[in-house]
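Residue strings, one per chain:
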Amino acid sequence: MFLYFAYGSNMSRRQMRERCPDHELLGKAVLKDHALCFPRSSPIRHCGVAGLVERPGAEVWGVVYRLHDRDLAALDRREGYDPAQPFHVNRYDRQIVRVQMDGGMVACFVYVARPEPGEHVPSTNYLAAIITGAEEHGLPTNYVAGLKRIAARQPGISVAMM
């Protein structure tokens, strides 16, 4: 069993049921001294996808799930992480972070997007999945409001066309 901190579209209840049907939701949590960013584009979603960057004083809110081995393997495949591959081949790195929950600090793994050059803008659909997940789990209203201010683009519109 593994604890996983989701801060992007995996906060969506529907998405997690599809990807990791045996997951268990433990609750909301915050990762201190980090900020949400969009450092790369997804070859699956064709838009910028969420990542983390260290930033003193910033916070990234999300949810903690307990995952079984088979769910972790499925999530690794979906996130483009293979521990057997060389570091530079993976789209995401799986790292351990300490998040704060009601019960104190908890060590969880998290996927951190490996940055790519260029500007990476989330699509309206992808950003909507993040916002929906944040609202479903009752993340702080000021955090959700910040998510709603993130610039997004309609699917099929390239950054160069904006």
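Predicted model only: the values in this text are computed from it and were never measured.

1. A few points about the pairing of strand β4 (residues 92-101)
Two strands pair when backbone bridges link them, and β4 and strand β5 (residues 104-113) are joined in this way by 10 bridges, in the antiparallel orientation. Within β5, the residue paired with Arg 94 across the bridge is Tyr 111. In textbook terms, the turn of a hairpin is the stretch between consecutive antiparallel strands, and for β4 and β5 this stretch comprises 2 residues.

2. Examining helix α4 (residues 141-148)
Within α4, the full set of buried residues consists of Tyr 143, Val 144 and Leu 147. In an axial view of α4, the angular spread of the buried residues amounts to 100°, which keeps them on one side of the axis. Opposite the buried face of α4, by more than 90 degrees, sit the exposed residues Thr 141, Asn 142 and Lys 148.

3. Here's the deal with the packing of aromatic side chains
Within the structure shown, the criterion is met by 8 aromatic pairs. Both rings, one in Phe 2 and one in Phe 109, keep their centres 6.5 Å apart while their planes meet at 80°; by these two values the pair is edge-to-face. Here Phe 2, found in strand β1 (residues 2-6), pairs with Phe 109, found in strand β5; they are 107 residues apart in sequence, far enough to count as distant. Look at Phe 109 and you get buried, because its relative accessible area is 4%. Summarising the aromatic geometry, the rings of Tyr 4 and Tyr 65 are spaced 6.2 Å apart at their centres and angled 25° between planes, so their arrangement reads as stacked. Here Tyr 4, found in strand β1, pairs with Tyr 65, found in strand β3 (residues 48-67); they are 61 residues apart in sequence, far enough to count as distant. Using a relative accessible area of 4% as the deciding quantity, one classes Tyr 4 as buried. Judged by its relative accessible area of 1%, Tyr 65 falls in the buried class. The structure contains a cluster of three or more aromatic residues connected by ring pairs, namely Phe 2, Tyr 4, Tyr 65, Tyr 81, Tyr 92, Phe 109 and Tyr 111. Sitting above the plane of the Phe 109 ring, Arg 94 keeps its charged end 5.4 Å from the centroid.

Reading guide: rules and limits
- Residues numbered from 1 in each chain as written.
- Predicted model: local features only at pLDDT ≥ 70, side-chain atom pairs only at ≥ 80, totals over all residues.
- Heavy atoms only, no water.
- Pairing = 2+ DSSP bridges.
- Helix = DSSP H or I, 4+ residues; strand = E, 2+ residues; numbered from the N terminus.
- Buried < 20%, exposed > 50% of the residue type's maximum accessible area, 1.4 Å probe, protein only.
- Arc of directions from axis to C-beta.
- Phe/Tyr/Trp six-rings, centres within 6.5 Å; stacked < 30°, edge-to-face > 60°.
- Lys NZ or Arg CZ within 6 Å of the ring centre and 35° of its normal.

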